[in-house]
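Letter by letter, the chains look like this.
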Amino acid sequence: MFILPLILLQAAEPASKVPPVQVYGVEDELADSMVTVTGRSLRSTAASLEQCIARHCPPKEDIASSMEHAENQLIAGQIEGARKTLIKARSRNKRYAENLPREVSGLLQFDADVASLLGMPDYGRIATFDSIDALKAGLPANDPSISAKRLEVADVFLRQGKYLTAVRMYDSVAKRAEESGWPELQGAAMFRSLRFYAMAASVDRAYRNESRSRYAALRETTDPAIKPMRDAALVLTAKLELLSRKDADVNAVMKGLADVKVASPILVYAPPFDLGKASSMSMVYVTPSISADQWVDFNYRITPEGAVDDVEIAAQAPHVKSWLVTKMQDSLVRRRYVPLDLPTGSSGMWRRERMMIVADTAPVTNTHLNIKAGPPSLMTMDLTSKVKATP
């Protein structure tokens, strides 16, 4: 129902005893179709939430209605309104964590995500901790959901530059998952730590031995459930080659992945997105957010070979800069994905995605003011789960 966190790659379909670990994103296959928006209108979700609160609906229903409306507000570009909706829902429902650990945790994480992407990283980090506390309040200590949530906490640390803390958490989850027989979770944690060291090694030789060691450890696993992460490690090598070598031939590198076929899109290459010397921007995949007036929604088709075609603008903020729209569209057209495993004759897979500009801020001591605290980032939100296929 709700848009979920989007990282770079996707895990295997989880076994019944392990909760889904969201490592890739939505898996809707929209081959040979046009994309149309579905779902309830903003007015409808607002009315439902208002009625729910008025009749003192059960906490579980309150949380679901609040999150649905907040998501609709995000999609409509009402970022501040979405945060207000989530803050109020948090106030009403946080105390029910013992009885509704998963629901309350999801609400708190959504609040954290929106705050972080509004340029409030400290609040986002703390609220993410709150989301894991909610799980711990109502679930047994050995429930894999708690370990899965620790990966999200580690992701927050990594995004905020606390690399060693993040890696220690990834390694701790990997060890716990191996001991407990949660292979999907183990593979997800191993890949996350490998991805950090591989990226670091691409710019600093001091990290190369550790990167090679972690690559070998992941590739040497034998559990079938970890195979998607072993394949992801191969894709990562191609991605790093394209990132580190300015003269790399994209088509030649992609030929090395010709035998790798996936059911869901895995991004291999996205060209650098540069706004000039003072504002270099990198592609970052995160949970939903929008910049106040600098976002664009695109429909596009990923071909079976992994190229991007038929790019069109589906919606945009009223005052988005035209030159920024052009740069976003150009970046999207030049992406390359791992070849798709599709039926014979399929023209590809349709997607909808929001590209937006977000910059962190920091509070000024003894005031209610925030100041810019870093360069802006290009971020994306997968909206494919909010669309459907039509002939």
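Scroll up to find the structure.
What counts and what doesn't
- Residues numbered from 1 in each chain as written.
- Predicted model: local features only at pLDDT ≥ 70, side-chain atom pairs only at ≥ 80, totals over all residues.
- Heavy atoms only, no water.
- Helix = DSSP H or I, 4+ residues; strand = E, 2+ residues; numbered from the N terminus.
- Expected span 1.5 Å × (residues − 1).
- Buried < 20%, exposed > 50% of the residue type's maximum accessible area, 1.4 Å probe, protein only.
- Contact = heavy atoms within 4.5 Å.
- Disulfide = S-S within 2.5 Å.
- Pairing = 2+ DSSP bridges.

Visitor: Describe in detail helix α2 (residues 59–76), supporting the description with residues and values.
Guide: Relative to the 26 Å expected for 18 residues at 1.5 Å per residue, α2 spans 25 Å between its end C-alpha atoms, a close match to the ideal helical length. Listed as buried for α2 are Asp62, Ile63, Ser65, Ser66, Met67, Glu68, His69, Ala70, Glu71, Asn72, Gln73 and Leu74. Looking at the buried side of α2, the elements it contacts are α1 (42–54), α3 (79–93), α4 (101–116) and β9 (349–358). Gly77 occupies a position one or two residues after α2 and carries a positive phi of about 90 degrees.

Visitor: Which residues make up the state of the cysteines, and what values go with them?
Guide: Within the structure shown, the criterion is met by one disulfide. Each disulfide pairs two cysteine sulfurs, and for Cys52 the partner residue is Cys57, the sulfurs being separated by 1.7 Å. Residues Cys52 and Cys57 share a disulfide whose torsion about the S-S bond is about 65 degrees; that sign makes it right-handed. When sorted by exposure, Cys52 lands in the same class as Cys57, which is buried.

Visitor: Explain the pairing of β9 to me, using residue names and the numbers behind them.
Guide: Among the ten residues of β9, ten are classified as buried, and the element is accordingly described as predominantly covered. The two faces of β9 match: Met349, Arg351, Glu353, Met355 and Ile357 on one face and Trp350, Arg352, Arg354, Met356 and Val358 on the other face are all buried. Where strand β6 (residues 295–302) lies against β9, eight bridges are found, and the strand directions are antiparallel. Among the inter-strand pairings, Val296 is bridged to a residue of β9, identified as Met355. Across six bridges, β9 lies against strand β12 (residues 377–382) in antiparallel orientation. Each bridged residue has a counterpart across the sheet, and for Arg354 the counterpart in β12 is Met381.

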